[in-house]
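This is what each chain is made of:
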Amino acid sequence: MSEKVIVELGDRSYEILIGSGIRELAKQSDLLVTDSNVDKYYGSWAETKANCKYIFPAGEENKSIQTVADICRAAAQNRLSRKSVMTALGGGVCGDMTGFAAAIYMRGIDFVQIPTTLLAMVDSSVGGKTAVDIPEGKNLIGAFHQPRRVLIDTDFLKTLPLKEIRCGLAEIIKTGVILDENLFAELEKAPETLTTAPDYARYSSIIRRCCELKAQVVAADEKEGGLRAILNYGHTFGHAFELLSNFTLSHGEGVALGMCAAGEYAAAEGIWSKQEALRQKKLIAALGLPTRLDTAYKTGDVIQAMLGDKKSASGKINLVLPTRIGHAEIFKDAAAGKIALAVESIYA
Ligand code: ADP
Ligand code: ZN
């Protein structure tokens, strides 16, 4: 059984197909890009679906303009034309780079996404953001380039380490908190079937719901003029924690802690009930994500890191805060003192 979501973007609309075995729907690609880990598991399958394959070394540290240039060179060496199609088979790193390469090779060619991490399935496969890192910051160079099609095969999750599953779960919790109480309540049921004893059929419908919700937000606000910014819930705090931990915290862990801090902030402000903030914390913990910061970062450093985030506008920190489970709003120009208190309240 498969599920389908249509991302409505006029002549750039595309479909996302979700289910077990969906990868077999992939058409022959002119260049398939994957990383060295994913290649170990799925490289020989990939060869049946592509005329050529480009493998880059796995790891965020390779999410660079150099790797994108190498992908473009592989495309040129294999004579890809404006009519050719690139395919990304991998996690967010692979999707971001392949999408960016497809955005700039010959000023833009088509690409298809076959995400293999839960994070990429629920997050980066919808929205058309592509990017690479530079030493000055993550995702600072990129382009909007929508895929032609996204094929989400839940069977890929069978080889994905639990730590990576949890990264995706953090974004799924985020989606529930800001957009859909039913999704949130669904996650509260039998958490072990999402983590230690995963039920992949259950995942299909959860992924479908996340894609659907994100697709609605993106269709309403493709280039992040307003509404799309609510997807940053937990991320302004979270990115600061990731940075201050020297990236020993994963993105999912950073977002989980960021949601806890944002929850404390919202509850202290009286815009969110303490009860619901606690309900969020319980779900985060039940899915094996952190709710307490082991290292007590200096609050001044956290605020500096938050101000340095590319999404903070001109010396001001804007926060996405829930007002109830299933709804969030943007609050402009958060006070440093209140941010400090929220951060301190999640110290272990
Ligand atoms: P993300 O999708 O979380 O942004 P990455 O693209 O870096 O991040 O993927 C995270 C890690 O998981 C990488 O080391 C990648 O090689 C590995 N990986 C991706 N998909 C799978 C899979 N289906 N099975 C096993 N490992 C995978
Ligand atoms: Zn994220």
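Residues numbered from 1 in each chain as written. Chains lettered and ligands numbered in written order. Predicted model: local features only at pLDDT ≥ 70, side-chain atom pairs only at ≥ 80, totals over all residues. Heavy atoms only, no water.

Chemist: Which residues make up the side chain of Asp-96, and what values go with them?
Modeler: Along the chain, Asp-96 falls in helix α3 (residues 92-104). Side-chain polar atoms of Asp-96 contact the side chain of Lys-63, separated by 2.8 Å. In this structure Asp-96 touches Lys-63, Ser-124, Lys-129, Thr-130, Ala-131 and Asn-139, once residues within four positions along its chain are discounted. (Helix = DSSP H or I, 4+ residues; strand = E, 2+ residues; numbered from the N terminus. Polar contact = N/O pair within 3.5 Å; in protein donor to acceptor, adjacent residues only side chain to side chain. Contact = heavy atoms within 4.5 Å.)

Chemist: Before we move on, can you summarise helix α5 (residues 162-179) with the specific residues and values?
Modeler: Spacing of three or four residues puts side chains on the same side of an α-helix, whose turn is 3.6 residues. Given a rise of 1.5 Å per residue, 18 residues ought to cover 26 Å, and the 25 Å separating the end C-alpha atoms of α5 matches this to within 8%. For α5, the buried fraction is high: 13 of the 18 residues fall into the buried class. (Expected span 1.5 Å × (residues − 1). Buried < 20%, exposed > 50% of the residue type's maximum accessible area, 1.4 Å probe, protein only.)

Chemist: Could you give me a rundown of the site of ligand 1, with the residues and numbers involved?
Modeler: Around ligand 1 there are 16 residues in total, and Asp-35, Gly-92, Thr-116, Thr-117 and Thr-159 lie nearest to it. One nitrogen or oxygen atom from the main chain of Gly-92 is found 2.6 Å from an oxygen atom belonging to ligand 1. One of the side-chain N or O atoms of Thr-159 is found 2.7 Å from a nitrogen atom in ligand 1. Surface burial for ligand 1 is 87%, taken as the share of its 560 Å² of free accessible area covered by protein chains. For the shell around ligand 1, the secondary structure elements donating two or more residues are α1 (36-47) and α3. Split by residue class, the shell around ligand 1 holds 8 nonpolar, 6 polar and 2 charged. (Near = heavy atom within 4 Å. Areas by Shrake-Rupley, 256 points an atom, 1.4 Å probe, with all protein chains shown as cover. Nonpolar A, V, L, I, M, F, W, Y, C, P; charged D, E, K, R; others polar.)

Chemist: A description of the coordination of the zinc ion (ligand 2) should follow, citing residues and the corresponding values.
Modeler: Donor atoms from the polypeptide that coordinate the zinc ion (ligand 2) comprise Glu-171 (OE), His-235 (NE2) and His-251 (NE2), at 2.0 to 2.1 Å from the metal. In terms of primary sequence, the donors binding the zinc ion (ligand 2) are separated according to E-x63-H-x15-H. Placement of Glu-171 in helix α5 and of His-251 in helix α9 (residues 251-269) is noted, with a sequence separation of 80 residues between them. (Donors = N, O, S within 2.8 Å, 3.2 Å for Na, K, Ca; no water.)

Chemist: Hey, could you go over the packing of α5 against helix α6 (residues 181-188) for me, with residue numbers and the actual values?
Modeler: In helix packing, the relevant descriptors are the interaxial angle and the interaxial distance, both defined with respect to the helix axes. Across the interface, α5 lies against α6 with an axial gap of 6 Å and an inter-helix angle of 140 degrees. One element, α5, and the other, α6, form an angle in the oblique class. Handedness of the crossing formed by α5 with α6: left-handed. Where α5 abuts α6, its residues Ile-172, Ile-173, Thr-175, Gly-176, Val-177 and Leu-179 lie against Glu-181, Leu-183, Phe-184 and Leu-187. (Axes fitted to C-alpha atoms, helices over the stretch in contact; angles between N-to-C directions. Parallel < 35°, antiparallel > 145°, perpendicular 65-115°, else oblique. Left-handed = near helix turned anticlockwise from the far one by under 90°.)

Chemist: Can you explain the environment of Gln-146? Please cite residues and give values.
Modeler: With respect to the helices, strands and loops of the structure, Gln-146 is situated in the loop between β8 (137-144) and β9 (149-153). In the structure, Gln-146 is positioned 44 residues away from Ala-102 in sequence and 9.8 Å away in space, judged by C-alpha atoms. A polar atom in the side chain of Gln-146 sits 3.1 Å from the backbone oxygen of Gly-127. Among the polar contacts listed, one links the side chain of Gln-146 to the backbone nitrogen of Gly-128, at a separation of 3.4 Å.

Chemist: Run through the state of the cysteines, naming residues and quoting values.
Modeler: Under the defined criterion, the tally for this structure stands at 0 disulfides. Cys-52 provides the cysteine sulfur closest to Cys-72, a residue in no disulfide bond, and the two sulfurs are 13 Å apart. (Disulfide = S-S within 2.5 Å.)

Chemist: I'd like a description of the packing of aromatic side chains, backed by residues and values.
Modeler: Here the structure, examined in full by the defined rule, presents 4 aromatic pairs. Geometrically, the ring pair formed by Tyr-41 and Tyr-42 is tilted, given 5.9 Å between the ring centres and 35 degrees between the ring planes. Here the aromatic residues Tyr-41, Tyr-42, Trp-45 and Phe-156 are joined through ring pairs into a cluster of three or more. Of note, Arg-23 hangs over the ring of Trp-45, and the distance from its end group to the ring centre comes to 5.5 Å. Over the face of the ring belonging to Phe-156 we find Arg-23, whose NZ or CZ atom lies 4.2 Å from the ring centre. (Phe/Tyr/Trp six-rings, centres within 6.5 Å; stacked < 30°, edge-to-face > 60°. Lys NZ or Arg CZ within 6 Å of the ring centre and 35° of its normal.)

Chemist: Can you tell me about the sheet that holds strand β3 (residues 31-35), naming the residues and giving the values?
Modeler: Read across the open sheet, the 7 strands follow the order β1-β2-β9-β6-β5-β3-β4; overall the sheet is mixed. Every interior strand has two partners, whereas the edge strands, β1 (2-7) and β4 (53-56), have only one. Mean inter-strand twist for the sheet, computed between neighbouring axes without regard to direction, equals 15 degrees. Examined bridge by bridge, β3 and β4 share 4 bridges and lie parallel to one another. Each bridged residue has a counterpart across the sheet, and for Asp-35 the counterpart in β4 is Phe-56. Where helix α7 (residues 200-220) meets the sheet, its contacts fall on β1, β2 (14-19) and β9, and the angle it forms with β1 comes to roughly 10 degrees. (Pairing = 2+ DSSP bridges.)

This is a description of form; function is not addressed.
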